[in-house]
Amino acid sequence: MKTNKNNGTILIIGAGGVASVSIHKCAMNAGVFKKIHVASRTKAKADAIKKDVKKRWGVPITTHQVDADKVPELVALIKKVKPYLVLNLALPYQDLTIMDACLKTKVHYIDTANYEPKDEAKFEYKLQWAKHAQFKKAGLMAVLGAGFDPGVTNMYCAYALKKFFTTIESVDILDANAGSHDKSFATNFNPEINIREVTQEVKHWENGKWIVTPAVMNKGSVHFAFDYPQIGPKESYLLFHEEMESLVKNLPGLKRMRFWMTFGENYLNHLRVMESIGISGIKPIPFKIKGKVEKVVPMEFLKALLPDPASLATNYSGKTNIGCIITGEKDGKKFTKYIYNVCDHAECFKEVGSQAISYTTGVPAMSAAYMLMTGQWGGAGVYNMEQLDPEPFLEIVSKNGLPFQVVDFKPLPEKI
Ligand code: NDP
């Protein structure tokens, strides 16, 4: 089967908060995305997005049901739709099955989060990188981590390297959400994935090795108040984040890389309680349902109780600020740049009915698809974002609602 001809057809898998934004943005770029197909586990969610897209932009989309854990189902769907590329906006659990289906049907692949097995809270690129030779041989491109962080943050580093520096010495990625909604506790993207990420042991990169520190909600976690442009001072916690795994390999001369994310005391207290009573656990426990003992995963039960992140959008106010403080060298001179984006929850809601976390992920995901669809990125193999040209990508990201600022800055202290 030879489907990999650029026919302007995209297949988006997933119909959650992030997918919704990408679907709207594809519709807003209908000259590039000539046919938009959306497939998800619950077709009704895709149908609801379809209705809103038609109302806002007058663009028709086609919806399907698929279980993306099953390669044969995916293969049958891809053969039917014949897309040029698949944009995976389901969950990290589905990365490998969707990549395999793309290999079998010869279509390009893009995602926004690296693979994570369901039964172990451990995200890493290893199994996806292992598919490089297969994608290369098939003449196909797989782009990993095309959201904001990972995604745009990788590209801010690549952009700094292209525009300002010969070598990069240190990177501090800072991710602030100063938004407020009307829920006492909610996560901004899929609760299961989010809680697994933030309750992990923390790692940062220093002089060629990973340094381990306590998880954000635990005693001894590393944090400080950073004064974010357009937001103000916010307590920011050291966290391990997936883009660090590829950036430490791909940035020449890198000595230190840290990732910081803002958390409020209320959020951390909820995490502490959840962890202490075991409701964020991922090991199945026996639980009696209608007189029969079944296995229940506490985290999955918790997810069912927590608000759907997309539902926060209606009453979300305030802004996000995500960016990179980068110190590097050129012509014997050492200097620092801060590259960042500020995004407003309420503005996102007005435009596409979503909150800023979904928006800041969905816009770059559409933009990466735009790069492949318009032939501005090409290549065969598995790529992380910083291995691709940042300029045309950041231009499309900016045009589609996420412009960036570059300012001279001072490096953050080495010890915090
Ligand atoms: P949601 O939970 O809102 O949406 C996930 C969607 O995937 C749902 O529509 C869900 O279907 C669907 N899905 C889940 N399992 C399957 C399956 N087996 N087959 C088909 N569809 C399935 O998540 P988000 O939109 O918040 O997040 C989407 C992705 O974006 C995640 O991988 C997340 O980690 C990533 N992300 C990346 C960021 C970045 O900056 N790089 C930031 C934020 C998120 P159903 O409705 O039936 O549950």
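This is a predicted model, so every value here is computed, not measured.

1. Focus: the overall build of the protein
At step 1: Scanning the protein from terminus to terminus reveals 14 helices and 18 strands.
At step 2: Its C-alpha atoms give the protein principal-axis dimensions of about 60 × 55 × 40 Å.
At step 3: The burial tally for the protein puts 57% of its 416 residues in the buried class.
At step 4: The contacts in the protein between residues at least 6 apart in sequence include a share of 74% that link residues at least 24 apart.
At step 5: Looking at the protein as shown, the accessible area adds up to about 17400 Å², and 53% of this sits on carbon and sulfur atoms.
At step 6: A distance of 7 Å separates the average location of the 53 positive side-chain charges in the protein from that of its 42 negative side-chain charges.

2. Things to note about the environment of Val86
At step 1: Following the sequence through the fold, Val86 ends up in strand 4 (residues 85-88).
At step 2: Separated by 33 residues in sequence, Val86 and Asp119 place their C-alpha atoms 26 Å apart.

3. Points about the pattern of salt bridges
Where charged atoms from two side chains of opposite charge come close, those side chains can pair.
At step 1: Here the structure, examined in full by the defined rule, presents 23 salt bridges.
At step 2: With a shortest N-O distance of 3.1 Å, Lys70 and Asp67 are connected by a salt bridge.
At step 3: Since its relative accessible area comes to 19%, Asp67 is described here as buried.
At step 4: Linking Lys183 and Asp182 is a salt bridge whose minimum nitrogen-to-oxygen distance equals 3.2 Å.
At step 5: Classification of Lys183 by relative accessible area gives partly exposed; the value is 31%.

4. Points about the nonpolar core
At step 1: One finds Ile10, Ile12, Phe33, Ile36, Val171, Trp377 and Phe393 to be the most contacted residues of the largest nonpolar core, which totals 95 residues.
At step 2: With 11 residues, the single largest contributor to this core is helix 13 (residues 356-373).
At step 3: Non-local contacts of Ile36, meaning those with residues more than four positions away in its chain, are made with Ile10, Ile12, Cys26, Ala27, Val59, Ile61 and Thr62.

5. Focus on the environment of Thr374
At step 1: Positionally, Thr374 belongs in the loop between helix 13 and strand 17 (381-384).
At step 2: With a relative accessible area of 34%, Thr374 lands in the partly exposed category.
At step 3: The spatial distance from the C-alpha of Thr374 to the C-alpha of Val32 is 7.1 Å, given a sequence separation of 342 residues.
At step 4: A distance of 2.6 Å separates the side chain of Thr374 from the backbone oxygen of Tyr370, its partner in a polar contact.

6. Regarding the packing of aromatic side chains
Aromatic ring pairs are described here by two measures, namely the spacing of the ring centres and the angle between the planes.
At step 1: Enumeration according to the criterion identifies 22 aromatic pairs in this entry.
At step 2: Ring geometry for Trp210 versus Phe240: centroids 5.4 Å apart, planes at 90°, classification edge-to-face. Placement of the pair is Trp210 in strand 9 (residues 209-213) and Phe240 in the loop between strand 11 (232-238) and helix 9 (243-250), with a sequence separation of 30 residues.
At step 3: The class of Phe240 is buried, set by a relative accessible area of 7%.
At step 4: The interplanar angle of 80° and the centroid separation of 5.9 Å between the aromatic rings of Phe226 and Tyr338 together place this pair among those described as edge-to-face. On the criterion of sequence distance, the pair formed by Phe226 in strand 10 (residues 223-228) and Tyr338 in strand 16 (residues 333-344) is long-range, its members being 112 residues apart.
At step 5: Its relative accessible area of 6% is what places Phe226 among the buried residues.

7. Topic: the site of the ligand
At step 1: Lining the immediate surroundings of the ligand are 28 residues, of which Arg41, Thr42, Lys45, Ala68 and Asn190 lie closest.
At step 2: In this structure, a nitrogen atom belonging to the ligand sits 3.1 Å away from a side-chain N or O atom of Asp67.
At step 3: Here a nitrogen atom of the ligand sits 2.9 Å away from a polar atom, N or O, in the main chain of Thr112.
At step 4: Alone, the ligand offers 940 Å² of accessible surface; in the complex the protein occludes 94% of this.

8. A closer look at helix 4 (residues 95-105)
At step 1: The element helix 4 is extensively covered by neighbouring structure, given that 9 of its 11 residues are classed as buried.
At step 2: Looking at helix 4, one finds that the buried residues are Asp95, Leu96, Thr97, Ile98, Met99, Ala101, Cys102, Leu103 and Thr105.
At step 3: Within two residues after helix 4, Lys106 carries a phi angle of roughly 60°, on the positive side.

9. Topic: the pairing of strand 4
Strand residues, when the strand is regular, have side chains that alternate between the two faces of the sheet.
At step 1: Side chains Leu85 and Leu87 project from strand 4 onto one buried face, and the interleaved Val86 and Asn88 project onto a second face that is buried too.
At step 2: As paired strands, strand 1 (residues 9-13) and strand 4 are joined by 4 bridges and run parallel to one another. Following the sheet pairing, Ile13 is matched in strand 4 by Asn88.
At step 3: By the bridge criterion, 4 bridges tie strand 4 to strand 5 (residues 108-111) in an arrangement that is parallel. Residue Leu87 lies in a different strand from strand 5, and its bridge partner there is Ile110.

10. Thoughts on the packing of helix 7 (residues 152-163) against helix 9
At step 1: It is at 10 Å that the axes of helix 7 and helix 9 come closest, and there the two elements cross at 15°. Taken together, the axes of helix 7 and helix 9 lie roughly parallel to each other. The interaxial crossing formed by helix 7 with helix 9 has right-handed handedness. When helix 7 is examined against helix 9, the residues Thr153, Asn154 and Cys157 are found in contact with a partner set consisting of Glu243, Ser246 and Leu247.

How each quantity is defined
Residues numbered from 1 in each chain as written. Predicted model: local features only at pLDDT ≥ 70, side-chain atom pairs only at ≥ 80, totals over all residues. Heavy atoms only, no water. Helix = DSSP H or I, 4+ residues; strand = E, 2+ residues; numbered from the N terminus. Buried < 20%, exposed > 50% of the residue type's maximum accessible area, 1.4 Å probe, protein only. Contact = heavy atoms within 4.5 Å. Areas by Shrake-Rupley, 256 points an atom, 1.4 Å probe, with all protein chains shown as cover. Lys, Arg positive; Asp, Glu negative; His and termini not counted. Charge placed at Lys NZ, Arg CZ, Asp CG, Glu CD. Salt bridge = Lys/Arg side-chain N within 4 Å of Asp/Glu carboxyl O. Core = buried A, V, L, I, M, F, W, Y, C linked by side-chain atoms within 4.5 Å. Polar contact = N/O pair within 3.5 Å; in protein donor to acceptor, adjacent residues only side chain to side chain. Phe/Tyr/Trp six-rings, centres within 6.5 Å; stacked < 30°, edge-to-face > 60°. Near = heavy atom within 4 Å. Pairing = 2+ DSSP bridges. Axes fitted to C-alpha atoms, helices over the stretch in contact; angles between N-to-C directions. Parallel < 35°, antiparallel > 145°, perpendicular 65-115°, else oblique. Left-handed = near helix turned anticlockwise from the far one by under 90°.

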